[in-house]
Amino acid sequence: MAVVVETRAPARPAPAPPRRGKGRVNRPGALYLLPALVFFGLFAALPLVLVLYLSFTDWNGIGTPGFIGVDNWVRMIENEAIWDVTWTTLLLTVLCWVTQTPLSILLGVWAAGKQRNRAVLSALFFLPLLLSTAAIALLYNRLFDPYVGIGRGFEPLRNILGTTSGALTAIVIVVGWQFIPFHTLLYQAAARNIPKVLYDAAYVDGAGGWHQFWYITLPQLKNTLITSSTIMIVGSLTYFETIFLLTNGGPAASTRTLPLEMYFRSFRSYEFGYASTIASVLVIVATAISLLIVRFSGFGKMRSTLEGL
């Protein structure tokens, strides 16, 4: 008795995706990058190159800059006052991050909820974002005035701008009042994108509100925390208007930062070459800190479109 064996034809491979032209994938061309490259080159790269060049010159703002090599860099390294100013800048950066980050996370998570009157309170809380930095600094300068401000009737705030610790505290308060709403907005958007199924599973397992916040919310906000911290740290390194209008670097230069020192050297002492050296150092430090945060936080390896996943 003969046995019939059924054979099947081999499966055909899936058709290749359509291509536009021979060997070309359908994707936007490099020409679309031209406007962004031109804008970045004119308003970012070119000014940076010019500032770096001026750091090797002696220039008072008039005439042709004279090339002096690395004299400005050597002068800055050997200047003890610059190291004090650098320490104040770094201290202010740390204080701003330590105070703004926890408050921004807590307020952002709260604003992402469904509490009663949440939308109205959030709108009022975000109002400082609409005000200019100069207006806010002048407002608090009058509020902290020992004779006509709130310190007149409240002794702990009477001389807040007259001491080193008090002036630093005042700067942290003013900067936080203005910029915490911005970082709160980042955390609010991120908290709303956390999958609700994670909280439902934690609730079934008996996890309370604090455990859900600590083991679900915070890990899911990792990317936003890195982004917010980078913006906050780099921004703290370049604060100028608030310190200039609030304390003017005082008392006794105790709140003088690198941006303020750069301003004094350029527009009061007319040492534009030396001021350009300070500006170059600020760019280098801010860029290095940003790259270190991305490198050691694992931010560059994130591939998920969901927070922390």
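What you see is a predicted model; the values in this text were computed from it and never measured.

Caption draft 1: Molecular detail of the packing of helix α1 (residues 34–54) against helix α12 (residues 272–297). Contact pair α1 / α12: the axes reach a minimum separation of 7 Å and the direction vectors enclose 130°. What the angle tells us is that α1 and α12 run oblique. The chirality of how α1 crosses α12 is left-handed. Residues L48, V51, L52 and L54 of α1 form the contact with α12, whose participating residues are G273, S276, A279, S280 and V283. Split by residue class, the contact of α1 with α12 holds 6 nonpolar, 3 polar and no charged.

Caption draft 2: Expanded view of the pattern of salt bridges. Tallied over the entire structure, the rule returns 6 salt bridges. With a shortest N-O distance of 3.7 Å, D145 and R142 are connected by a salt bridge. Across the salt bridge formed by E261 and R265, the nearest N and O atoms sit 2.9 Å from each other. With E261 and R265 both in helix α11 (residues 258–267) and 4 residues apart, this pair spans about one turn of that helix. There is no split in this pair, since E261 and R265 are both buried. Each member of the salt-bridge network shares a partner with another, and the members are R75, R256, E261, R265 and E271.

Caption draft 3: Structural view of the confidence of the model for the protein. Chain-level statistics for the protein give a pLDDT mean of 86 and a share of 87% at 70 or above. Here helix α4 (residues 118–125) stands out as the least confident element of the protein, with mean pLDDT 80; strand β1 (residues 57–58) is the most confident, with 95.

Caption draft 4: Geometry of helix α2 (residues 71–78). Residues N72, W73 and M76 constitute the buried set of α2. Buried positions in α2, seen along its axis, are confined to an arc of 100° and lie on one side of it. If you follow the buried residues of α2, they end up packed against α1, β1, α3 (80–111) and α12.

Caption draft 5: Layout of unusual backbone geometry. For the bond running from G250 to P251, omega is 0°, close enough to zero to count as cis. Inspection of the secondary structure puts P251 in the loop between α10 (241–246) and α11. Backbone geometry at A253 places phi at a positive 65°, although glycine is not the residue there.

Reading the values: rules and limits
- Residues numbered from 1 in each chain as written.
- Predicted model: local features only at pLDDT ≥ 70, side-chain atom pairs only at ≥ 80, totals over all residues.
- Heavy atoms only, no water.
- Axes fitted to C-alpha atoms, helices over the stretch in contact; angles between N-to-C directions.
- Helix = DSSP H or I, 4+ residues; strand = E, 2+ residues; numbered from the N terminus.
- Parallel < 35°, antiparallel > 145°, perpendicular 65-115°, else oblique.
- Left-handed = near helix turned anticlockwise from the far one by under 90°.
- Contact = heavy atoms within 4.5 Å.
- Nonpolar A, V, L, I, M, F, W, Y, C, P; charged D, E, K, R; others polar.
- Salt bridge = Lys/Arg side-chain N within 4 Å of Asp/Glu carboxyl O.
- Buried < 20%, exposed > 50% of the residue type's maximum accessible area, 1.4 Å probe, protein only.
- pLDDT = per-residue confidence, 0-100.
- Arc of directions from axis to C-beta.

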